[in-house]
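Here is how the chains run, residue by residue.
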Amino acid sequence: MNPQINTTNFDERPFIAIWEITQACDLACVHCRASAQPERDPMELSTAEGKGLIDQIAALRVPVFVLTGGDPIKRPDLFELIGHARRVGVRVSLTPSATPLLTKEVVGRSKAAGLARLAVSMDGASAETHDAFRGMSGSFARTLDAVRWANEAGLPVQINTTFSRRNIGEIDAIVALMERLKIALWSVFFLVPTGRGKLADLLNAEEFEQVFAKLYSLSKTASFDIKTTEAQHYRRFLLQQRAAERQAGALEHAAEKITDSIGRAPRGLNDGKGFVFISHKGEVFPSGFLPQSAGNIRQQPLAQIYRESPLFLDLRDPQKLEGKCGACEFKHICGGSRARAYALTGNPFGEEPCCAYIPRGYQRPEKPAARSPILHVLQGA
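Residues numbered from 1 in each chain as written. Predicted model: local features only at pLDDT ≥ 70, side-chain atom pairs only at ≥ 80, totals over all residues. Heavy atoms only, no water.

1. A look at the overall build of the protein
Link 1 in the chain: Within the protein, the regular secondary structure consists of 12 helices and 10 strands.
Link 2 in the chain: Looking at the protein as a whole, 55% of its 381 residues are labelled buried.
Link 3 in the chain: Restricting the contact set of the protein to residue pairs at least 6 apart, pairs at least 24 apart contribute 74%.
Link 4 in the chain: Of the roughly 17100 Å² that the protein leaves accessible, carbon and sulfur atoms contribute 52%. (Helix = DSSP H or I, 4+ residues; strand = E, 2+ residues; numbered from the N terminus. Buried < 20%, exposed > 50% of the residue type's maximum accessible area, 1.4 Å probe, protein only. Contact = heavy atoms within 4.5 Å. Areas by Shrake-Rupley, 256 points an atom, 1.4 Å probe, with all protein chains shown as cover.)

This is the structure in structure tokens:
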């Protein structure tokens, strides 16, 4: 197990760094935060710049480093970058797209280059649902192939699933599918309406709680770990459930999990708080779902941006949280999705829009009475 899991100081270094090495991708996923395009951007970080970034990741001792896209396979230097990461002591995960570019050879070469985990997306329990989600027929079958190839190569597998109105009806079937696959981690994403993601596809607060209940129940018996992305309030749900079970004397031991070399995040991780995202152009964001840039690694070192930028400093300060998130007793371990708050309100410090919990003693301020609109008239126009 990675010894840095419980010792990462979020003020000094991120626990997870994600580098979007390209936005080029042959899929057209309905929820894509990046609205990926077929061709590579000429302003992408070069191979030399990418290696420099990886060196900075190594110097920061970031426990989890992910190469994502777009489709990382679109970059011809992919294996060179993975190999460089291994040489400088960085454990790296890869999130390729399930297109014809993802072959058994690519999986094998990635493992040989030093890849620590392969992460593929599965957003339905059937080809019909998943392929519609991804905008390409055959993607579901290729995803299953990739899982099998990784298992054969001895490469730990992570499945990413994004829940929205498009697939929530299949949640039980998706859970059953996860149980049949040999994976190390199921990473459950909750839609943030940015990029191609539509507000109409967003689950409401009660539906979040229903998904949390299914994830918690599964976590007791599954052979793999379960984590959530952009559902920070799942941590609050876990603590509530475990407290209730301890009180009832019914707390159960979790099943033994498949382990690999990628660590699990400690509590409190959030957008900009233990998490950093570097775009294909070197822009540094608190999250891939929170499009507020704090700087560019072409002008400043990553460590300086992460540690000193006003945006990251504010996001790591729970006293900046507003609404019921600011009043919540769970704000230090949860804090709500800053990306979703920004997407729905334009305020990254606003309350989590999809949380059903009401903090103890919290009373929502009354809205001020509406005033007559003031008309501004241009004189002499």
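2. Thoughts on the nonpolar core
Note on soluble globular proteins: their nonpolar side chains tend to be buried together.
Link 1 in the chain: Of all hydrophobic cores here, the largest spans 92 residues; its most connected members are W19, I159, M178 and W186.
Link 2 in the chain: Considering each element in turn, this core owes the most residues, 6 residues, to helix α7 (residues 205–219).
Link 3 in the chain: The residues touching M178, leaving out its near neighbours within four places in the chain, are M122, I159, I183, W186 and F224.
Link 4 in the chain: Judged by nonpolar contacts, the second largest core, of 6 residues, contains C328, I333, C334 and C355. (Core = buried A, V, L, I, M, F, W, Y, C linked by side-chain atoms within 4.5 Å.)

3. What about the sheet that holds strand β10 (residues 295–296)?
Link 1 in the chain: Spatial strand order, β7-β6-β5-β4-β3-β2-β1-β8-β9-β10: 10 strands in an open sheet with mixed pairing. Among the strands making up the open sheet, the edge pair consists of β7 (225–229) and β10.
Link 2 in the chain: As paired strands, strand β9 (residues 283–285) and β10 are joined by 2 bridges and run antiparallel to one another. Along β10, the bridge assignment pairs E283 with N296.
Link 3 in the chain: Taken strand by strand, helix α2 (residues 78–87) contacts β1 (16–20), β2 (64–68) and β3 (92–94), and its axis lies near 155 degrees from that of β3. (Pairing = 2+ DSSP bridges. Axes fitted to C-alpha atoms, helices over the stretch in contact; angles between N-to-C directions.)

4. Overview of the packing of α7 against helix α8 (residues 234–248)
Link 1 in the chain: Taken N-terminus to C-terminus, the directions of α7 and α8 make an angle of 60 degrees; their axes are 10 Å apart at the nearest point. One element, α7, and the other, α8, form an angle in the oblique class. Like other packed secondary-structure pairs, α7 and α8 cross with a definite hand, here right-handed. Along the contact surface, α7 presents E209, F212, A213, L215 and Y216, while α8 presents Y234, R236, F237, L238, Q241, R242 and E245. (Parallel < 35°, antiparallel > 145°, perpendicular 65-115°, else oblique. Left-handed = near helix turned anticlockwise from the far one by under 90°.)

5. Observations regarding unusual backbone geometry
Link 1 in the chain: Of note, the bond from G69 into G70 is cis; its omega dihedral lies within 30 degrees of zero at 15 degrees.
Link 2 in the chain: Tracing the backbone through its elements, the reader meets G70 in the loop between β2 and α2.
Link 3 in the chain: Phi angles above zero are rare outside glycine, and E230 is one such case at about 55 degrees.
Link 4 in the chain: Relative to the helices and strands, E230 resides in the loop between β7 and α8.
Link 5 in the chain: E230 sits in the buried class, given a relative accessible area of 4%.

6. With respect to helix α4 (residues 127–134)
Because the α-helix completes a turn every 3.6 residues, residues three or four places apart line up on one side.
Link 1 in the chain: The complete set of buried residues in α4 reads T129, H130, D131, F133 and R134.
Link 2 in the chain: The inward-facing, buried residues of α4 contact β4 (117–121), α5 (139–153) and β5 (157–163).
Link 3 in the chain: Two residues or fewer past α4, G135 is found with a positive phi of approximately 75 degrees.

7. Things to note about the packing of aromatic side chains
Link 1 in the chain: The full count for this structure, using the stated rule, is 10 aromatic pairs.
Link 2 in the chain: Judged by centre distance (6.4 Å) and plane angle (75 degrees), the ring pair of Y216 and F237 falls under edge-to-face. One end of the pair, Y216, is in helix α7; the other, F237, is in helix α8, with 21 residues separating them in the sequence. This pair shows no difference in class: Y216 is buried, exactly as F237 is.
Link 3 in the chain: One aromatic cluster is present, formed by F190, F208, F212, Y216, Y234 and F237 through successive ring pairs.
Link 4 in the chain: The ring of Y306 has R316 lying over it, and the distance from NZ or CZ to the ring centre is 4.4 Å. (Phe/Tyr/Trp six-rings, centres within 6.5 Å; stacked < 30°, edge-to-face > 60°. Lys NZ or Arg CZ within 6 Å of the ring centre and 35° of its normal.)

8. A few points about the packing of helix α1 (residues 47–60) against α2
Link 1 in the chain: In the contact formed by α1 and α2, the axes pass within 10 Å of each other and the chain directions differ by 25 degrees. Of the possible angle classes, the one that applies to α1 and α2 is roughly parallel. In terms of crossing hand, the pair formed by α1 and α2 is right-handed. In contact with T47, G50, K51, I54 and D55 of α1, α2 contributes E80, L81, H84 and A85.
Link 2 in the chain: For the contact of α1 with α2, the residue count by class is 3 nonpolar, 3 polar and 3 charged. (Nonpolar A, V, L, I, M, F, W, Y, C, P; charged D, E, K, R; others polar.)

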